[in-house]
Amino acid sequence: MAKTYDIADVTDFTTGDVNAHAIHKLSENGRPLSGNLAKLAEAAGNFPGSTQPTRLINGMEHSSVVDYYLMTNAIAHGNVPSAVAVALRTAARPYLSSKFNQARIMQQPLGPEPLPGHPYTFAPYQAQVQAGANASRNVRSPVLGLRHLPPTLNALNLYLAGQQ
Amino acid sequence: MAGLFDDLIPKATPQASGGLFDDLVPKSQTPLPPTPPALNLMDPTRPDVTPGQSYRARIDAAFAGGDQAERDKAIAALGPDAQMNALPGVLTGAVSRIGGLPGEILNTVSGLSDLTGFHGLAQGIRDYLPLPNMDQFGNLIAGQPENDEVTAFRKVGQLVGPGPLLRGGASTVGTLTKLGQGKPIQEAINAHNAGLTLIPRSVSKDGQSIEQQAFQAASGNVKTRQYFSLKNRPVINDLAAQDIELPKGTTRLTEKMITDQRAKFAADKAAIVDSLPAVENDQTFKDAMAAVGNRQSDVAKAFPHLAHDPEIEKLATSPDWQADSYPPRAAAGRVSMLRDQASGNLKAIGPGNQERHALGLAEKQAADALDDLIARNLIKTRPRTTLIMARHRSRITKKPAS
C-alpha cells in the first residue's frame, strides 16, 4: 500500500506520467524502495539523460532550426545531397534506440530464446543451453549477434567461434 | 633528363627562328632554353597520362593506331616487370589498404566537406595533409604497376584488405564497427533488462565504438536525450503501474487508478489482520518503542537535557506499549493514526519547527515498529500466505525480526 503513496507522489496527474527522477529523489531521501520502483530509481540515478521528465520536454521537433537552415541553404545552392545528409540526421536516433543497436551495445544476443535442438540454433550456444548456463548472456553468434541463423551462416559461425 | 622511351616518341618540332621581335631582344641576354625534345612516357606529370595508369596502358595509348612493331619493342623494353605476377600484386594491395587508409579517410572528409559547402576545409586538407591514398601508397612501396594485370591484382588485394592477414575477411567489418566498444556497466544491464532504452554513451565507462560515436554526434546531444526520454516514458509508466498491480501495458496513470488500488490493498490488509486472534506483544517491540526519537543514541546519552523532548518522551514511554496483546484491528488502526500524525508533523520544516519535525520522525518509527509487530504475529500464525501478500503489496524492506 505504501507504494501507492510513493507512486502518487511522483506522478504528474496532468500528463499521467511517472517522474523517474522524483523516484530517485525519494530513494536519496532514504525512502526504502523495492521492486520496479527500486529499478527505476537506480536507472534514473545512473542514466538521467534517458529518463528526463517528459513534461519539460513537452513534445519534440525532430529537426532543429539549424537543420532547417542548413537544408534550405543547401537546396538554395542546388546541393541536394547535402540537404539529404542533414535530413538523415533524424534517422540516427531511431537507429541508436533500436532493439538491434541496444542489444549490440549491451553485448547481448538478439531474438527470442531458441528451443534446444532448433536446427538454426548456433551450436556452442545450444551446448550452453543444455549445460544449464545463463543462456541470455555472454554467448552470441559472431555474425550479426543473431541467435537464429541459416545453416550456411552457422557454419561460418562455427569457424569464427573456433578462431576466437 | 633523357627518359626510358625517348626514342619511341616523335621528336618535337624545332623552334622557328627569325621572329618578328627578335631585334628587340638584347643580344647579350641568355637565350631561352629550348623546349624539351620529348616528355618521358613514365613522367606522371605528363598531361596525357592518367595518374595510376599502368606502363602497359600508357604504351598502348601512345602507340594507338601507330606502328605496332614499335609498340611491341616498347613492351619488350619493360622486360620481366611486364609479366603478370599475382602474389606481389595482391600483397601490395593488402598492405596499401592499411597504409593508404589515413589518406582515404582524409579524402573522404575532404569530399564530404566539399559536399556540405565547407570548401575551405576541403582545400585545406588537400593542401596541408596530402597523404597518399591506397593506389598512391602502393606505388610508393612497389612502384607503378607494370601492366593492367598487376593493377588488377593490387585492386583485389585492396578489396580483400588485411582481413585474411589478420583474422578473417567476414569478421573485419564487425571488428571495425565494434572497435573500442566497452563492456556495459551492471546498472545499464539492469535498466536494459527492465525494458529501458539507454543512450549508448552512458552505457559503458570503457568508451564506445567509432560507429556509436559517429551516430551520436550526428544525432545531437539535446535531441538524443529528449528522444530517449520520450521513448522511455511508456516503459517507466508501465513499470510503476505494475508495481501496484495495475494491468500490464498501462501507459498513463490517473489519480483514480491509484486510489482504487490503495483501497483494494487496504481491504486486503484489513482482512489479513482480522484473521489474527490477537497481536501478541514481544520484547523486540518494547525495545523498539523505547528507542524511538533516538532517545538511546550517544548524543541523547551525552546531552540528556539538549535532546530531551517531552512529546517524544510521552510517546516512547506510554504505558500502552506494555500491554500483553492488542486487538488486531485496533493495532492496525493505531498504525494508521501514527502515520497520519507523522506525515502532518514531518511537513513542518524550517526555523521553530524542529521539535515538530523530530516528533514526526519518532511517530514514523513507532508506526514502523508496530507494523513489524503485526508482521511477526502474522509469520507465527499464518507463515505462508499472509506474509507473501503483505510483502508483495507493501514496502517491507527488511524481514521482521522473529
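The structure under discussion appears in the preceding block.
The structure presented is a predicted model; accordingly, all values stated were derived computationally and were not measured.

Participant: When you look at the interface of chain B and chain A in this model, what are you seeing that I'm missing?
Facilitator: For an interface, size is often stated in terms of accessible area lost upon the parts coming together. Tallying the contact residues gives 67 residues for chain B and 65 residues for chain A. Joining chain B to chain A, the criterion identifies three salt bridges. Residue Arg104(A) pairs with Glu211(B) through a salt bridge whose shortest N-O separation is 3.1 Å. Where chain B packs against chain A, one counts 24 residue pairs in polar contact (both at pLDDT 80 or more). Those elements that place two or more of their residues in the side of chain B that touches chain A are α9 (169–178), α10 (186–194), α11 (210–219), α12 (221–243) and α13 (255–274) of chain B. Looking at the side of chain B that touches chain A element by element, the count peaks at 17 residues for α12(B). Its residues assigned to classes, the side of chain B that touches chain A shows 26 nonpolar, 25 polar and 16 charged.

Participant: I tried to follow the side chain of Asp243(B) on my own but got confused; where do I start?
Facilitator: Following the sequence through the fold, Asp243(B) ends up in helix α12. A polar side-chain atom of Asp243(B) sits 3.2 Å from the main-chain amide nitrogen of Asn36(A). If sequence neighbours within four positions are ignored, Asp243(B) has contacts with Lys3(A), Ile7(A), Ser34(A), Gly35(A), Asn36(A) and Leu37(A).

Participant: I keep staring at the environment of Thr90(A) and nothing clicks. Help me out?
Facilitator: Residues and elements named next belong to chain A. Within the secondary structure, Thr90 is located in helix α7 (residues 89–96). Setting aside residues no more than four positions away along its own chain, Thr90 makes contact with His62 and Ser63. From its side chain, Thr90 meets the backbone oxygen of Ala87 in a polar contact 2.8 Å long.

Participant: Sorry, what's going on with the packing of α7(A) against α11(B) here?
Facilitator: Each pair of packed helices can be described by the angle between their axes along with the distance between the axes. Put simply, α7(A) and α11(B) touch, their axes get as near as 8 Å, and they point 130° apart. By the angle class used here, α7(A) and α11(B) are oblique. Judged by the twist between their axes, the crossing of α7(A) over α11(B) is left-handed. When α7(A) is examined against α11(B), the residues Arg89(A), Ala92(A), Arg93(A), Tyr95(A) and Leu96(A) are found in contact with a partner set consisting of Glu211(B), Gln212(B), Phe215(B), Gln216(B), Ala218(B) and Ser219(B). Tallied by class, residues from the contact of α7(A) with α11(B) come to five nonpolar, three polar and three charged.

Participant: It is not clear to me how the environment of Leu26(A) should be interpreted in this structure. Could you clarify?
Facilitator: Residue and element names in this part refer to chain A. Counting through the fold element by element, Leu26 comes out in helix α2 (residues 20–28). In the structure, Leu26 is positioned 15 residues away from Ala41 in sequence and 8.2 Å away in space, judged by C-alpha atoms. Ignoring anything within four residues of it in the chain, the contact list for Leu26 reads Asp6, Val10 and Arg31.

Participant: How should the side chain of Arg376(B) be read in this particular structure?
Facilitator: Within the element layout of this structure, Arg376(B) appears in helix α19 (residues 354–381). When its relative accessible area of 6% is taken as the criterion, Arg376(B) is described as buried.

Participant: Mind showing me how you'd approach the packing of aromatic side chains here?
Facilitator: Residues and elements named next belong to chain B. Counted by the stated rule, this structure contains four aromatic pairs over all chains. Here Phe285 and Trp321 contribute two aromatic rings whose centre-to-centre distance is 5.9 Å and whose plane-to-plane angle is 85°, an arrangement assigned as edge-to-face. Of this pair, Phe285 sits in helix α14 (residues 283–290) while Trp321 is found in the loop between α17 (310–316) and β2 (325–326), placing the two residues 36 residues apart along the sequence. With relative accessibility at 1%, the residue Phe285 sits in the buried group. Judged by centre distance (6.5 Å) and plane angle (80°), the ring pair of Phe285 and Tyr326 falls under edge-to-face. Residue Phe285 is found in helix α14, and its partner Tyr326 is found in strand β2; the two are separated by 41 residues along the sequence. Here Tyr326 falls in the buried class, since its relative accessible area comes to 14%.

Participant: Is there a simple way to think about the pattern of salt bridges in this case?
Facilitator: Pairing between side chains of opposite charge can happen when their charged atoms approach one another. Residue and element names in this part refer to chain B. One pass over the structure, following the stated rule, counts nine salt bridges over all chains. Across the pair Arg339 and Asp368 runs a salt bridge whose closest N-O atoms are separated by 3.0 Å. Placement of the pair is Arg339 in helix α18 (residues 328–346) and Asp368 in helix α19, with a sequence separation of 29 residues. Arg339 serves as the salt-bridge partner of Asp371, at 3.0 Å between the closest nitrogen and oxygen. Residue Asp371 is found in helix α19, and its partner Arg339 is found in helix α18; the two are separated by 32 residues along the sequence. Sharing partners across several salt bridges, the network here consists of Arg339, Asp368 and Asp371.

Participant: It is not clear to me how unusual backbone geometry should be interpreted in this structure. Could you clarify?
Facilitator: When glycine is set aside, most residues are seen to have a negative phi, and most peptide bonds are trans. All names here are of chain B. We note that Glu245 has phi near 60°; this positive angle belongs to a residue other than glycine. Counting through the fold element by element, Glu245 comes out in the loop between α12 and α13. The exposure class of Glu245 is partly exposed, given its relative accessible area of 26%.

The rules we used
Residues numbered from 1 in each chain as written. Chains lettered and ligands numbered in written order. Predicted model: local features only at pLDDT ≥ 70, side-chain atom pairs only at ≥ 80, totals over all residues. Heavy atoms only, no water. Contact = heavy atoms within 4.5 Å. Salt bridge = Lys/Arg side-chain N within 4 Å of Asp/Glu carboxyl O. Polar contact = N/O pair within 3.5 Å; in protein donor to acceptor, adjacent residues only side chain to side chain. Helix = DSSP H or I, 4+ residues; strand = E, 2+ residues; numbered from the N terminus. Nonpolar A, V, L, I, M, F, W, Y, C, P; charged D, E, K, R; others polar. Axes fitted to C-alpha atoms, helices over the stretch in contact; angles between N-to-C directions. Parallel < 35°, antiparallel > 145°, perpendicular 65-115°, else oblique. Left-handed = near helix turned anticlockwise from the far one by under 90°. Buried < 20%, exposed > 50% of the residue type's maximum accessible area, 1.4 Å probe, protein only. Phe/Tyr/Trp six-rings, centres within 6.5 Å; stacked < 30°, edge-to-face > 60°.

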